[in-house]
Amino acid sequence: MDITTWKKRLSDLPLGDIYLYQQVGSTNQEAEFLIEKDAPAFSLVAANEQTAGRGRHGRTWETRAGKALAFSWILYPEPGWIRPESLGKLSGLGALAVAEVLTDKYQLEAEIKWPNDVLVGGKKVSGILVDVHWTGTQIKDAVLGIGINVHQGSVPDEQDLHFPAISLQELAGRKIDRLDLLVQILESLLKWYPKLTSESFTAIWREKLAYKNQAVILTAGEEIIDQGTLLGISEEGSLILLSDDGSERLFMTGEIQLRLVDRS
Ligand code: ATP
Ligand code: BTN
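**Here's the deal with the pairing of strand β7 (residues 138–149)**
Here comes step 1: Among the 12 residues that make up β7, 10 are buried, leaving the element largely enclosed by the rest of the structure.
Here comes step 2: With eight bridges connecting them, strand β3 (residues 68–75) and β7 associate as antiparallel partners. Residue pairing across strands places Ala70 opposite Gly147, the latter belonging to β7.
Here comes step 3: Both strand β6 (residues 123–135) and β7 contribute to a ladder of 10 bridges, which runs antiparallel.

So this is what it looks like as structure tokens:
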């Protein structure tokens, strides 16, 4: 990562401050630290390598040096704009931006595995982690973290995965420029963020939803939460499931994991 070149190109975008590192623990953690130091809205934190990248549920996200994109975007949503029950929309925003770019710029059929992964051909190419801090019931700040497996060699060894993963280069069959990709995703994030509560946002999010009308299982750790047919996403961004017991249920993002059920 040539920090001077990256900074110059990124400065053309309407971001806050730009923080680029050759190596950090986690860009989300670094962003939280920068928020404490009053980093402005839409600041970007990106790293060439993460040594303690975070996934959900306290799991780790691997970002090998020079192989992947790992960045975090600092947001201060207007008070009352995003209701607590709509928080999942922030993960949706990240997933939508990545999926949109993969489809429009790399001709890949990218899908969003609710709430926070981007899949191509059923394999995970990108993961999103949103960390939110509250003052009472209002969001004080949100850190939208995005990790993308870009080059060959970015995908962790199989024994370290509990979901199949793939790199963008393997999918696209050509070399990918990480800086181009980052700029494209930031442009998409900047376009969709103001529309987060609009119907057009939910509509395109739904369009890209993986496993629609398919049998899925929802788990939290080892526990099975529910099983049924995935119907879609509600206006708030909750998952709509037609449970096998016949009732329709909504699930907010949180500790839930989603898997396809093989009923063949
Ligand atoms: P899931 O993907 O299982 O539905 P999730 O989206 O909540 O759940 P996390 O558990 O937050 O996923 O993601 C972290 C997991 O992703 C790790 O436990 C590891 O198995 C896997 N992982 C780590 N690094 C990568 C990577 N670069 N690409 C793909 N998967 C990764
Ligand atoms: C997941 O799939 O569950 C989430 C993975 C999120 C990884 C990104 S990489 C940039 C940012 N910094 C982190 O420590 N995590 C996120």
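Don't stop here, the text continues.
**Quick word on the site of ligand 2**
Here comes step 1: Inspection of the region around ligand 2 gives 21 residues, with Ser26, Thr27, Gln50, Arg54 and Lys124 positioned closest.
Here comes step 2: Within the side chain of Ser26, a nitrogen or oxygen atom sits 2.7 Å from an oxygen atom of ligand 2.
Here comes step 3: Between ligand 2 and the protein, one listed contact pairs a nitrogen atom with a backbone N or O atom of Asn28 at 3.5 Å.
Here comes step 4: Contributing elements (two or more residues each) for the shell around ligand 2: α2 (27–36), β3, β6 and β7.
Here comes step 5: Sorting elements by how many residues they give to the shell around ligand 2 places β6 first, with four residues.

The rules we used
- Starting from 1, residues in each chain are numbered consecutively following that chain's sequence as written.
- Here every chain gets a letter starting at A, and every ligand a number starting at 1, in the order they are written.
- The predicted origin of the model limits local features to residues at a pLDDT of at least 70 and limits the giving and counting of side-chain atom pairs to 80 or more, whereas totals for whole chains, interfaces and linings rest on all residues.
- Just so you know, side-chain values use all the structure's heavy atoms and leave hydrogens and water out.
- Whether a residue is buried, partly exposed or exposed follows from its accessible area with a 1.4 Å probe, protein chains only, as a fraction of its type maximum: under 20%, in between, or over 50%, in that order.
- The helix count covers DSSP runs of H or I at least four residues long, the strand count covers runs of E at least two residues long, and both are numbered beginning at the N terminus.
- Strands are labelled as partners when DSSP assigns at least two bridges between them.
- Here a residue is near a molecule or strand as soon as one of its heavy atoms is found within 4 Å of it.
- Here a polar contact means two N or O atoms within 3.5 Å. Within protein one must be a hydrogen donor candidate and the other an acceptor candidate, and residues neighboring in sequence count only if both atoms are side-chain atoms.

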